[in-house]
Amino acid sequence: MSEVRSLLERLAEKQPGPLPTFTAIQILSVILYLGEVGVAGRKKISKALGIGEGAVRNILNRLRAAGLLETVRQGCRLSRGGLRLYRRLSRTLVKLGSLN
């Protein structure tokens with residue numbers, strides 16, 4: 001599980017430019033949400049998780065850059081690697097409700 005934690009921390013760390021407006025927990029929430037619903041657009045994700053659209057856009061960009069997400073006509077979905085991560089997380093985590 002430490003490698004998953006490292007991945008989430010790496011995705012959430014500061015990049016050149018403005019400070020990120022999201023947390024590792026919000027990244028995790030997006031991964032879990034997309035794993036459950038399959039395909040969703042930025043607005044739907046934003047509304048479902050209560051995260052601003054700009055933050056969702058940045059999260060999706062980082063997930064795409066990490067090879068965990070792919071864009072399709074209806075929005076985006078987890079890639080094969082993203083689905084493997086989702087399955088691993090869903091086996092490990094106990095659903096306690098909203099993460100943010």
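Residues numbered from 1 in each chain as written. Predicted model: local features only at pLDDT ≥ 70, side-chain atom pairs only at ≥ 80, totals over all residues. Heavy atoms only, no water.

Undergrad: What exactly am I supposed to notice about the nonpolar core here?
TA: Within the largest apolar cluster, 27 residues are counted, with the highest numbers of intra-cluster contacts made by Ile-27, Val-30, Ile-31, Leu-34, Ile-45, Leu-60 and Leu-63. Sorting the residues of this core by element identifies helix 1 (2–12), helix 2 (24–37), helix 3 (42–49), helix 4 (53–65), strand 3 (75–78) and helix 5 (80–92) as the ones contributing at least two each. Setting aside chain neighbours within four positions, we find Leu-63 in contact with Leu-11, Ile-27, Val-30, Ile-31, Leu-68 and Leu-69. (Core = buried A, V, L, I, M, F, W, Y, C linked by side-chain atoms within 4.5 Å. Buried < 20%, exposed > 50% of the residue type's maximum accessible area, 1.4 Å probe, protein only. Helix = DSSP H or I, 4+ residues; strand = E, 2+ residues; numbered from the N terminus. Contact = heavy atoms within 4.5 Å.)

Undergrad: Got a minute to help me understand the sheet that holds strand 3 in this structure?
TA: A sheet is described by the order of its strands in space; here 3 strands give the open sequence 1-3-2, paired in antiparallel fashion. The open sheet has two edge strands, strand 1 (39–40) and strand 2 (69–72), and neither has a second partner. When strand 1 meets strand 3, the two strands line up antiparallel, connected through 2 bridges. Opposite Ala-40, over in strand 3, you have Cys-76 as the bridge partner. (Pairing = 2+ DSSP bridges.)

Undergrad: Hey, could you run me through the confidence of the model for the chain in this one?
TA: Any segment with low pLDDT has predicted coordinates that should not be analysed in fine detail. Averaged over every residue, the pLDDT of the chain is 84; the share at 70 or more is 81%. For the chain, the element scoring lowest by mean pLDDT is helix 1, at 71; strand 1 scores highest, at 97. (pLDDT = per-residue confidence, 0-100.)

Undergrad: Please clarify how the packing of helix 2 against helix 4 should be interpreted in this entry.
TA: To characterise two packed helices, one gives the angle between the axes of the helices and the distance between these axes. Here helix 2 crosses helix 4 at 75°, and the two axes come no closer than 10 Å. For the element pair helix 2 / helix 4, the angle class is roughly perpendicular. Facing Gln-26, Ile-27, Val-30, Ile-31 and Leu-34 of helix 2, the residues of helix 4 in contact are Ile-59, Leu-60 and Leu-63. Grouping the amino acids of the contact of helix 2 with helix 4 by side-chain chemistry returns 7 nonpolar, 1 polar and no charged. (Axes fitted to C-alpha atoms, helices over the stretch in contact; angles between N-to-C directions. Parallel < 35°, antiparallel > 145°, perpendicular 65-115°, else oblique. Nonpolar A, V, L, I, M, F, W, Y, C, P; charged D, E, K, R; others polar.)

Undergrad: Even after reading the chapter, I still don't get the pattern of salt bridges, so can you show me in this structure?
TA: If charged atoms from side chains of opposite charge come close, those side chains can pair. Counted according to the given criterion, the structure contains 2 salt bridges. Here Glu-53 ties to Arg-42 by a salt bridge, and the two come within 3.5 Å at their closest N and O atoms. Taken together, the residues Glu-53 in helix 4 and Arg-42 in helix 3 connect sequence positions 11 residues apart. Between Arg-77 and Glu-70 there is a salt bridge, with the nearest N and O atoms lying 2.7 Å from each other. (Salt bridge = Lys/Arg side-chain N within 4 Å of Asp/Glu carboxyl O.)

Undergrad: I keep staring at the pairing of strand 3 and nothing clicks. Help me out?
TA: Sheet analysis places strand 2 next to strand 3, joined by 4 bridges and oriented antiparallel. In the strand pairing of strand 3, Leu-69 is matched with Leu-78. Between strand 2 and strand 3, which pair antiparallel one after the other, the connecting turn spans 2 residues.

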